[in-house]
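These are the residues of each chain, in order.
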Amino acid sequence: MKGDEGVKEDGAVGTVKTIGIIGAGQLGLMLTEAAHELDARTICLDPDPEAPAFAVSDGRIVARYDDVEALQRLADESDVVTYEFENVPSEALSRIAPKIKQGVQQLYDSQDRLTEKENACKHGLKTPKFAAVDDEASLREAIREIGFPCVLKTRRLGYDGHGQEILRCEGCVERAVKMLDVPCILEEFVKFDFEASVILVADETQIIAFPVGQNIHKDGILDESILPLPAAPEFSERMVEASKNFMRECGYLGILAIEYFVKGDEFYFNEMAPRPHNSGHWTIEGATTSQFREMVHFLLGEPLEEPRLVGPTRMWNVLGRDMERVPKSPAEGEYIHMYGKKEVRPLRKMGHVTTVKR
Ligand code: AMP
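The present account deals with the structure reproduced in this document. Residue positions are given per chain, counted from 1 along the sequence in the order it is written. Predicted model: local features are reported for residues with pLDDT of at least 70 only, side-chain atom pairs are reported and counted for 80 or more only, and whole-chain, interface and lining totals are derived from all residues. Excluded from the side-chain calculation are hydrogens and water; included are all heavy atoms of the structure.

1. Comments concerning the overall build of the chain
Okay, step 1: Strands here mean DSSP runs of E at least two residues long; helices mean DSSP runs of H or I at least four residues long; both are numbered from the N terminus. If you tally the helices and strands in the chain, you get ten helices and 19 strands.
Okay, step 2: Based on C-alpha atoms, the radius of gyration is set beside the globule rule, defined as 2.2 Å times the residue count to the power 0.38. On C-alpha atoms alone, the chain measures out to a radius of gyration of 20 Å, which is about the 21 Å that the 2.2 N^0.38 rule sets for 358 residues.
Okay, step 3: When burial is assessed residue by residue, the chain has 55% of its 358 residues classed as buried.
Okay, step 4: Contact criterion: two residues are considered in contact whenever any of their non-hydrogen atoms come within 4.5 Å of each other. Sequence-distant contacts, at least 24 apart, represent 59% of the contacts inside the chain between residues at least 6 apart.
Okay, step 5: For the chain, the accessible area works out to roughly 15800 Å², and carbon and sulfur atoms hold 50% of it.
Okay, step 6: Asp and Glu count as negative and Lys and Arg as positive, but His and the ends of the chain are not part of the count. Charge placement uses NZ in Lys and CZ in Arg. For Asp and Glu, CG and CD serve respectively. Of the side-chain charges in the chain, 43 are positive and 61 negative, and the distance between the mean point of each set is 3 Å. Classification of residues uses two cut-offs on accessible area relative to the type maximum, computed with a 1.4 Å probe and protein chains only: under 20% is buried, over 50% is exposed, and between them is partly exposed. Per-residue and other accessible areas follow the Shrake-Rupley method at a 1.4 Å probe size, with only the shown protein chains counted as cover for residues.

2. Regarding the sheet that holds strand β10 (residues 184-188)
Okay, step 1: Spatially, the four strands line up as an open sheet ordered β7-β10-β8-β9, and their pairing is antiparallel. A strand with exactly one partner marks an edge of an open sheet, and here the two such strands are β7 (130-133) and β9 (164-167). The sheet shows a mean angle of 20° between the axes of neighbouring strands, taken without regard to direction.
Okay, step 2: Whether two strands pair comes down to DSSP finding at least two bridges between them. The pairing of β7 with β10 spans four bridges and is classified as antiparallel. Bridging from a neighbouring strand, Ala-131 pairs with Leu-186 of β10.
Okay, step 3: Contacts from helix α5 (residues 113-122) reach β7, β8 (150-154), β9 and β10, with the element oriented near 150° to β7.
Okay, step 4: Note on definitions: angles span 0 to 180 degrees between N-to-C directions of axes, and those axes are lines fitted to C-alpha atoms, for helices only across the stretch in contact. The strands touched by helix α6 (residues 136-146) within the sheet are β7, β8, β9 and β10, with β7 carrying the most contacts at an inclination of about 170°.

3. With respect to the pattern of salt bridges
Okay, step 1: Any carboxyl oxygen of Asp or Glu within 4 Å of a side-chain nitrogen of Lys or Arg constitutes a salt bridge here. A complete count under the given rule lists 19 salt bridges for this structure.
Okay, step 2: Of the charged contacts, one joins Asp-219 and Arg-321 as a salt bridge, the two residues approaching to 2.9 Å between their closest N and O atoms. Taken as a pair, Asp-219 in the loop between β13 (213-218) and β14 (221-227) and Arg-321 in the loop between β17 (313-319) and β18 (334-338) lie far apart in primary sequence, 102 residues in all.
Okay, step 3: Salt-bridge contacts for Arg-325 lead to Asp-322; the nearest nitrogen and oxygen are separated by 3.6 Å.
Okay, step 4: Judged by its relative accessible area of 46%, Arg-325 falls in the partly exposed class.
Okay, step 5: When salt bridges with common partners are traced through the structure, they connect Lys-117, Lys-153 and Glu-187 into a single cluster.

4. Observations concerning the site of the ligand
Okay, step 1: Around the ligand there are 16 residues in total, and Lys-153, Glu-188, Val-190, Glu-195 and Glu-271 lie nearest to it.
Okay, step 2: Think of a polar contact as two N or O atoms within 3.5 Å of one another; within protein, one of them needs to be a possible hydrogen donor and the other a possible acceptor, and neighboring residues in sequence only count if both atoms come from side chains. Contact distances for the ligand include 3.0 Å between a nitrogen atom and a side-chain N or O atom of Glu-187.
Okay, step 3: In this structure, a nitrogen atom belonging to the ligand sits 2.9 Å away from a main-chain N or O atom of Val-190.
Okay, step 4: Alone, the ligand offers 470 Å² of accessible surface; in the complex the protein occludes 92% of this. A cutoff of 4 Å decides nearness: a residue is near a molecule or strand if any of its heavy atoms lies inside that distance of it.

5. Structural notes on the packing of aromatic side chains
Okay, step 1: Think of it this way: a Phe, Tyr or Trp ring, Trp meaning its six-membered ring, pairs with another when their centres are within 6.5 Å, and the plane angle makes it stacked under 30 degrees, edge-to-face over 60, tilted otherwise. Under the definition given, this model contains six aromatic pairs.
Okay, step 2: Taking 5.1 Å as the distance between ring centres and 10° as the angle between the ring planes, the aromatic pair formed by Phe-192 and Phe-261 counts as stacked. In this pair, Phe-192 sits in the loop between β10 and β11 (194-202) while Phe-261 sits in strand β15 (residues 254-263), placing the two residues 69 residues apart along the sequence.
Okay, step 3: Residue class for Phe-261 comes out buried when judged on its relative accessible area of 9%.
Okay, step 4: Pairing Tyr-260 with Phe-267 gives two aromatic rings, centres 5.3 Å apart and planes at 85°, and the pair type is edge-to-face. For the pair Tyr-260 and Phe-267, one class covers both residues: buried.
Okay, step 5: Between Arg-325 and the ring centre of Trp-316, over which it is positioned, the NZ or CZ distance is 4.2 Å. Put simply, a charge is over a ring when the Lys NZ or the Arg CZ is close to the ring centre, within 6 Å, and near the line of the ring normal, within 35 degrees.

6. Considering the state of the cysteines
Okay, step 1: Sulfur atoms of two cysteines make up a disulfide when they are within 2.5 Å. Tallied over the entire structure, the rule returns zero disulfides.
Okay, step 2: Free of any disulfide, Cys-172 has its nearest cysteine sulfur in Cys-169, 3.9 Å distant.
Okay, step 3: The class for Cys-172 is buried, based on a relative accessible area of 9%.

7. A word on the packing of helix α1 (residues 26-37) against helix α10 (residues 291-300)
Okay, step 1: At a minimum axis separation of 8 Å, α1 and α10 run at an interaxial angle of 65°. The handedness of the crossing between α1 and α10 comes out as right-handed. Contacts between α1 and α10 involve Leu-27, Met-30, Leu-31, Ala-34, Ala-35 and Glu-37 on the former and, on the latter, Phe-292, Arg-293, Met-295 and Val-296.
Okay, step 2: Classifying every residue of the contact of α1 with α10 by side-chain character gives eight nonpolar, no polar and two charged. Should the near helix be turned anticlockwise from the far one by less than a right angle, the crossing is termed left-handed; should it be turned clockwise, right-handed. Nonpolar residues are Ala, Val, Leu, Ile, Met, Phe, Trp, Tyr, Cys and Pro. Charged residues are Asp, Glu, Lys and Arg, and all others, Gly as well, are polar.

Written out as structure tokens, the structure is:
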């Protein structure tokens, strides 16, 4: 399937490229849709045979993320490989690293909340105060330094608020000690005005940035993204410039999403993701080009397009508990994306709805 001669959508005969995607969730689904629009194919690898992207991908490999032979097959059958899932074991990736055009350093740097924050500080971004915590003594020492309220998080494998506990007073410490069977990080609890994310795509010559959106979380899960940001344009520009400098200094390529806490005139790095991000789903209709399309441009070695906001945009996530709120048919300027997941769980991301005012 790799690099086949084929007739592209515009009728031109050329080499149709194949993108291998590790993960076949909704991000793989939307990456595949963007790839098809740009005349490329995808093969996805995922342990779940019912994963959403398998419904649209051109090839499928049902295998675990640490199955070295399956990853090798994905690499052999693809011209270029990317990941839509962050917790791929690094040992499994090392063999196919030459096929991963964006590199793997940003993936490794994002897999551990402690190294991620140390790296952010080292490259000029402010973070909430933090300290490594491995046992009760280091937890108590970190609380003395950081104070209440604070947040204890597992260093690895945390997502959407999983693996974290807010500590408001001495009484919470005993409960938190139970989390310490794995390495943790203690963070200052930031009483932010709002949360925001910057999404960037970099190739060897330039870095493009999507308009900065405000993010509202409920129960630790993204609920809504709203554009434009409720701040002066100069503030967004500062966030974008700092994010670009960070990406450039780290030498990261491909896509990077950085989540920030905004308080007064300052913004604090919370975490980063080297893959398309939920807070960028609005870009499919709300921007002149989307995060998925620009990542595919990067993967295909095609020039990146600088995105612009089409008009005020709002995206809300449809979790399993929200299925009844999904409109039966879209109103004007409304776009309903359901991911085709069969099993509905209250906190599972089932789809999203975007509204754009033109
Ligand atoms: P995370 O998985 O670290 O992105 O956390 C999920 C959400 O929990 C964030 O988007 C915030 O809404 C909240 N949160 C996490 N860490 C902190 C913090 N240090 N201070 C305040 N809120 C936090």
